[in-house]
Amino acid sequence: MDTLRRHYPEYLMEAAGLGIFMICACVVTTLLEHPASPLRQAISDSLLRRFSIGVAMGLTASTIVYSPWGKQSGAHLNPAFTLTFFRLGKVKSWDAFFYILAQFIGGLIGLVLAALILKDALAHPTINYLVTKPGTSGEVVAFFAELMLSFGMMLMVLFVSNSRKLNKYTGLFAGGLIAIYITVEAPLSGMSMNPARSLASAIPAQVATGLWIYFTAPLLGMFFAAEVYVRLMGKKAVKCAKLHHDNNFRCIFRCNYRRSVSVDGRWDLSDKLPSP
């Protein structure tokens, strides 16, 4: 298939990106939450531990976005992101299919590699392969929590990534939101926003409790955010599917990016760059 032959580097980058994110999440969470860990014993406050995990994972996400791989693939790392940009007309159908496939495979490989590194520590009940499941408030609360988190993340990405002045900071905004979400919301749903991330943990943990939430709420939340953005700004305001586009790496999406600015501070969309 011609699309696979031409765009396979981006697919591999997406798989590697989520795999790296999963490995980092497993290592950081084990260090801060495993009962035998010196860090866990030194930090008794659960809120402070979640804040520490949130900062670490926010920095990890930002680093991936600004890495050469993230700049080229767009650093979706999430099927819900990819499907939302597909719905917005920025990702072609075969690219969407292979991105999503790569994200699911990459997340699972990352979790397996983390299990090989951390061994029994990752399987400990306090860690349990980072499985995401509803908290004590139940599935309904977890569903709406994931819905709102995903809505907020996607709306931020659309407003920031399509702003001439703020575009280059999209990765920092995303990392900051991840840090806040993990700190505040994790007890309600485990803070996923990502079907591939949740499935990667559910398989080795053999826990499917509330798994439907992590396949539906992120997608619905991001679709809703896209609808709000389009109604406010117009569909042409969505220039590309990359989180960070101010770089010299190729773009495989339906891209309307150009560097000229209109009077209202947004990019002029009168010209279109050719897609590869």
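Residues numbered from 1 in each chain as written. Predicted model: local features only at pLDDT ≥ 70, side-chain atom pairs only at ≥ 80, totals over all residues. Heavy atoms only, no water.

The pLDDT averaged across the protein works out to 91; a share of 93% of its residues lies at or above 70. Scored below 50 in pLDDT, residues 259–275 shows 40 contacts in the model against residues more than four places distant or in partner chains. (pLDDT = per-residue confidence, 0-100. Contact = heavy atoms within 4.5 Å.)

Counting 69 residues, the largest nonpolar core has Met57, Phe85, Met153, Leu158, Met191 and Phe253 as its most contacted members. Of all the elements in the fold, those that place two or more residues in this core are α1 (2–33), α3 (46–66), α5 (79–87), α6 (93–118), α8 (139–161), α9 (170–189), α10 (195–205) and α11 (211–233). Formed by six residues, the second largest nonpolar core is a distinct cluster that contains Leu147, Ile213, Tyr214 and Ala217. (Core = buried A, V, L, I, M, F, W, Y, C linked by side-chain atoms within 4.5 Å. Buried < 20%, exposed > 50% of the residue type's maximum accessible area, 1.4 Å probe, protein only. Helix = DSSP H or I, 4+ residues; strand = E, 2+ residues; numbered from the N terminus.)

The subject of this paragraph is unusual backbone geometry. Notably, Asn128 is not glycine yet its phi reads approximately 45 degrees, a positive angle. By the element assignment, Asn128 lies in the loop between α7 (120–123) and α8. The backbone phi angle of Met191 is positive, close to 55 degrees, even though this residue is not glycine. Here Met191 lies in the loop between α9 and α10.

Attention now goes to the packing of aromatic side chains. Applying the stated rule across the entire model yields 11 aromatic pairs. Between Trp94 and Phe97, the ring centres sit 5.7 Å apart and the planes meet at 85 degrees, which makes this aromatic pair edge-to-face. Of the two residues, Trp94 and Phe97 both sit in helix α6, three residues apart, roughly one turn of that helix. Its end group placed over the ring of Phe223, Arg87 keeps NZ or CZ at 5.0 Å from the ring centre. (Phe/Tyr/Trp six-rings, centres within 6.5 Å; stacked < 30°, edge-to-face > 60°. Lys NZ or Arg CZ within 6 Å of the ring centre and 35° of its normal.)

Moving on to the UniProt feature "transmembrane region" (unreviewed entry) in the protein. When the UniProt feature table is mapped onto this chain, "transmembrane region" (unreviewed entry) is found at residues 12–31, 51–69, 96–118, 138–160, 172–191 and 211–230. The span residues 12–31 shows a helical share of 100% and a strand share of 0%, and its end C-alpha atoms are spaced 29 Å apart. With 100% helix and 0% strand, the stretch residues 96–118 has end C-alpha atoms that lie 33 Å from each other. (UniProt positions renumbered as here; feature names shortened; annotations may be inferred.)

The next subject is α6. Given a rise of 1.5 Å per residue, 26 residues ought to cover 38 Å, and the 38 Å separating the end C-alpha atoms of α6 matches this to within 8%. Lys119, located one to two residues past α6, shows a positive phi value of around 55 degrees. (Expected span 1.5 Å × (residues − 1).)

Glancing now at the pattern of salt bridges. Within this structure, the stated rule accounts for six salt bridges. Note that Arg231 is salt-bridged to Glu227, the shortest N-O span being 2.8 Å. With Arg231 and Glu227 both in helix α11, this residue pair falls four residues apart, about one helical turn. Overall, Glu227 belongs to the partly exposed group, its relative accessible area being 27%. Here the residues in one salt-bridge network are Asp2, Arg5 and Arg6, joined through shared partners. (Salt bridge = Lys/Arg side-chain N within 4 Å of Asp/Glu carboxyl O.)

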